[in-house]
Amino acid sequence: NLNSENWIMELSFKQENIIDSFMSILCFSKNGDNVFNFLTKKYDIYVFANGQTRFVDDVGERIKKEFIKIKITSKGDIYVNDNNKINVGEIDLSERNWNFIIGGDYNTDGSINNYFIGQINKFCARTL
């Protein structure tokens, strides 16, 4: 329950294409503005939380060869493959008012491909 005081999100991902611009992996929004966003840029992992985009880790070529495991806690701890990398401060997702989005990438015409938009309880059994 992301409205509770303590929650943990875990996800694993790998990328087929590596580009030198930000790619959103997981996003929570309020009125169209990011509340929380987990991003990649080339071989690097970033997190947008509490109004700042912060570097988390450089995973190198592994990003396209193996699944990278990410764990995010409500207290702001970010883990990569079970190694605590950074704390970005408490993450309050109770104010979000848009469904969460998995996988958003920008097209040259300004449009966005969102691969899943919906509620977490409707996603849990799906694989993209």
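The shown structure was predicted, so the numbers you read here are calculated from the model rather than taken from an experiment.

Draft legend 1. Molecular detail of the nonpolar core. Judged by nonpolar contacts, the single largest core of 26 residues is most densely connected at Phe13, Phe36, Phe38, Ile45 and Ile70. Once residues within four sequence positions are removed from consideration, Phe38 is found in contact with Leu11, Phe13, Met23, Ser24, Ile25, Leu26, Ile45, Tyr46, Val47 and Ile70.

Draft legend 2. Focus on the environment of Ile8. Tracing the backbone through its elements, the reader meets Ile8 in strand E1 (residues 8-13). Residue Ile8 is classed as exposed on the basis of its relative accessible area, which comes to 54%. Counting along the chain gives 65 residues from Ile8 to Thr73, while the straight-line C-alpha distance between them is 4.5 Å. Excluding residues that lie within four positions of it along the chain, Ile8 makes contacts with Lys71, Ile72 and Thr73.

Draft legend 3. Region of interest: the packing of aromatic side chains. Applying the stated criterion to the full structure yields three aromatic pairs. Considering the side-chain rings of Phe13 and Phe38, the 5.6 Å spacing of their centres and the 75° angle between planes classify their relative orientation as edge-to-face. Of the two residues, Phe13 is situated in strand E1 and Phe38 in strand E3 (residues 33-41); the sequence distance between them amounts to 25 residues. One exposure class covers both Phe13 and Phe38, and it is buried. Geometrically, the ring pair formed by Phe22 and Tyr46 is edge-to-face, given 5.1 Å between the ring centres and 75° between the ring planes.

The rules behind the values
- Residues numbered from 1 in each chain as written.
- Predicted model: local features only at pLDDT ≥ 70, side-chain atom pairs only at ≥ 80, totals over all residues.
- Heavy atoms only, no water.
- Core = buried A, V, L, I, M, F, W, Y, C linked by side-chain atoms within 4.5 Å.
- Buried < 20%, exposed > 50% of the residue type's maximum accessible area, 1.4 Å probe, protein only.
- Contact = heavy atoms within 4.5 Å.
- Helix = DSSP H or I, 4+ residues; strand = E, 2+ residues; numbered from the N terminus.
- Phe/Tyr/Trp six-rings, centres within 6.5 Å; stacked < 30°, edge-to-face > 60°.

Read these as geometric descriptors, not functional statements.
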